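Observations on chain architecture
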Amino acid sequence: MYWRKSMEVPILSKRLMKIATYIPKSPILADIGSDHAYLPCYICLKDKEAKAIAGEVRIGPYERAVQTVRNYQLENKVEIRLGNGLEIISEKDQVCTVTIAGMGASLIEKILNEGKNKLKTVSRVILQPNTNSEKIREWVDNETYRIIDEAIIEENGQFYEIIVANKVDNCKNSLSIKERLFGPILLEQKSDVFKRKWERERHKLTTVLNNVKNAKEPDANKIQQLRRKLDLIEEVLSK
């Protein structure tokens, strides 16, 4: 991604472009870990009513994001804030959509848990973990959000899952073990990208299982966990 001359929109990666399609019209967006603020700038240039807050935890990325906003002359629409996770926003900001992308699932979960009190006005979260999407679906299933859409993207040899969840009232846990692992909507769609991802995962897990079984002191619990996951993958890929 890079910028061109002032007021042209940033060129987004395939992954961020897909995330952008899930952002509602005229949002007040908070993009956490904003990667040069490309996504907030793109949204605010495409949507005249949009406003955004971009958060960075380190000074270097913060300064680069500030420069991006200046380049696109969006100082009145995009605010860059230095801080940890969701602590950069407050209820008075009236943020309605939060995006957290390009991080490990454990870090995304930590950000959400530590900033849970900042989500009062947030009706939609768009989450893109680089690893272990199951952990993010579990968080959503345990909170006042429900998955309304998902996508899986293959880019530069990597697979990325995007999870879109809306706030709901009186919610109860609803995802099965299989849905948490594969994604309820992705599981239903079973796209070619989805199949390629899980075929690759099956190959990796088979290798790991063989290594564990051939160890001097095989870990029985680990073997059982791997076999259980491989069985689920085989079941999904065979249908």
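Residues numbered from 1 in each chain as written. Predicted model: local features only at pLDDT ≥ 70, side-chain atom pairs only at ≥ 80, totals over all residues. Heavy atoms only, no water.

Points about the pattern of salt bridges
Note the threshold: In what follows, salt bridge is the name for a side-chain nitrogen of Lys or Arg lying within 4 Å of a carboxyl oxygen of Asp or Glu. Only DSSP runs of H or I reaching four residues or more are called helices, and only runs of E reaching two or more are called strands; each is numbered from the N terminus. Each residue's exposure class comes from its accessible area (1.4 Å probe, protein chains only) as a fraction of the maximum for that residue type: buried when under 20%, exposed when over 50%, partly exposed otherwise.
For the structure on display, the rule yields 15 salt bridges. For Asp141, the salt bridge is made with Arg180, and the minimal N-O distance between the two is 2.9 Å. Taken together, the residues span a long stretch of sequence, with Asp141 in helix 5 (residues 133–142) and Arg180 in helix 6 (residues 177–182) at a distance of 39 residues. The same class applies to Asp141 and to Arg180, which are both buried. Between Glu234 and Arg202 there is a salt bridge, with its nearest N and O atoms 3.2 Å apart. With Glu234 in helix 9 (residues 220–238) and Arg202 in helix 8 (residues 192–213), the pair connects residues that are 32 residues apart, well separated along the chain. In this structure Arg202 comes out as partly exposed when scored by relative accessible area, which is 25%. Taken together, the shared-partner salt bridges connect Arg137, Glu150, Glu161 and Lys197 into one network.

Some details on the environment of Val140
Applied cut-off: Here, two residues are considered to be in contact whenever any of their heavy atoms come within 4.5 Å of each other.
Its location among the elements puts Val140 in helix 5. Separated by 51 residues in the primary sequence, Val140 and Ile89 have C-alpha atoms spaced 20 Å apart. The contact partners of Val140, leaving out residues within four places of it in the chain, are Leu127, Tyr145, Arg146, Ile147 and Ala165.

Regarding the sheet that holds strand 4 (residues 97–103)
The condition is simple: Whether two strands pair depends on DSSP finding at least two bridges between them. For helices, the fitted line uses only the C-alpha atoms of the stretch in contact; every axis is such a line through C-alpha atoms, and the angle between N-to-C directions lies from 0 to 180 degrees.
Read across the sheet, seven strands follow the order 3-2-1-4-5-7-6 without closing on themselves; strand pairing throughout is mixed. The sheet is open, and its two borders are formed by strand 3 (78–82) and strand 6 (145–155), each paired with just one other strand. Along the sheet, successive strands turn relative to each other by an average axial angle of 15°, direction set aside. One ladder, built from five bridges, connects strand 2 (residues 51–56) with strand 3; its direction is parallel. The partner of Gly55 across the bridge, within strand 3, is Arg81. Its contacts with the sheet place helix 4 (residues 105–114) against strand 1 (28–32), strand 4 and strand 5 (124–129), and it is angled at close to 150° to strand 4.

Re the side chain of Arg180
Arg180 gets classed as buried once you look at its relative accessible area, which sits at 16%. Residue contacts for Arg180: discarding those within four places in its chain leaves Glu134, Arg137, Glu138, Asp141, Asn142, Asn173 and Leu175.

A word on the packing of helix 4 against helix 5
We apply this condition: Reported orientations rely on four angle classes, namely roughly parallel under 35 degrees, roughly antiparallel over 145, roughly perpendicular from 65 to 115, and oblique for the rest. Left-handed is the label given to a crossing in which the near helix is rotated counterclockwise from the far helix by less than a right angle, and right-handed is the label when the rotation is clockwise. Classification used: nonpolar for Ala, Val, Leu, Ile, Met, Phe, Trp, Tyr, Cys and Pro, charged for Asp, Glu, Lys and Arg, polar for all others including Gly.
Close contact between helix 4 and helix 5 brings their axes to 8 Å; oriented N to C, the two are set at 20°. With respect to helix 5, the axis of helix 4 lies roughly parallel. The two elements helix 4 and helix 5 meet at a crossing, and its hand is right-handed. Each of Ala105, Ser106, Ile108, Glu109, Leu112 and Asn113 in helix 4 lies in contact with helix 5, whose residues at this interface are Lys135, Ile136 and Trp139. Its residues placed into classes, the contact of helix 4 with helix 5 shows five nonpolar, two polar and two charged.

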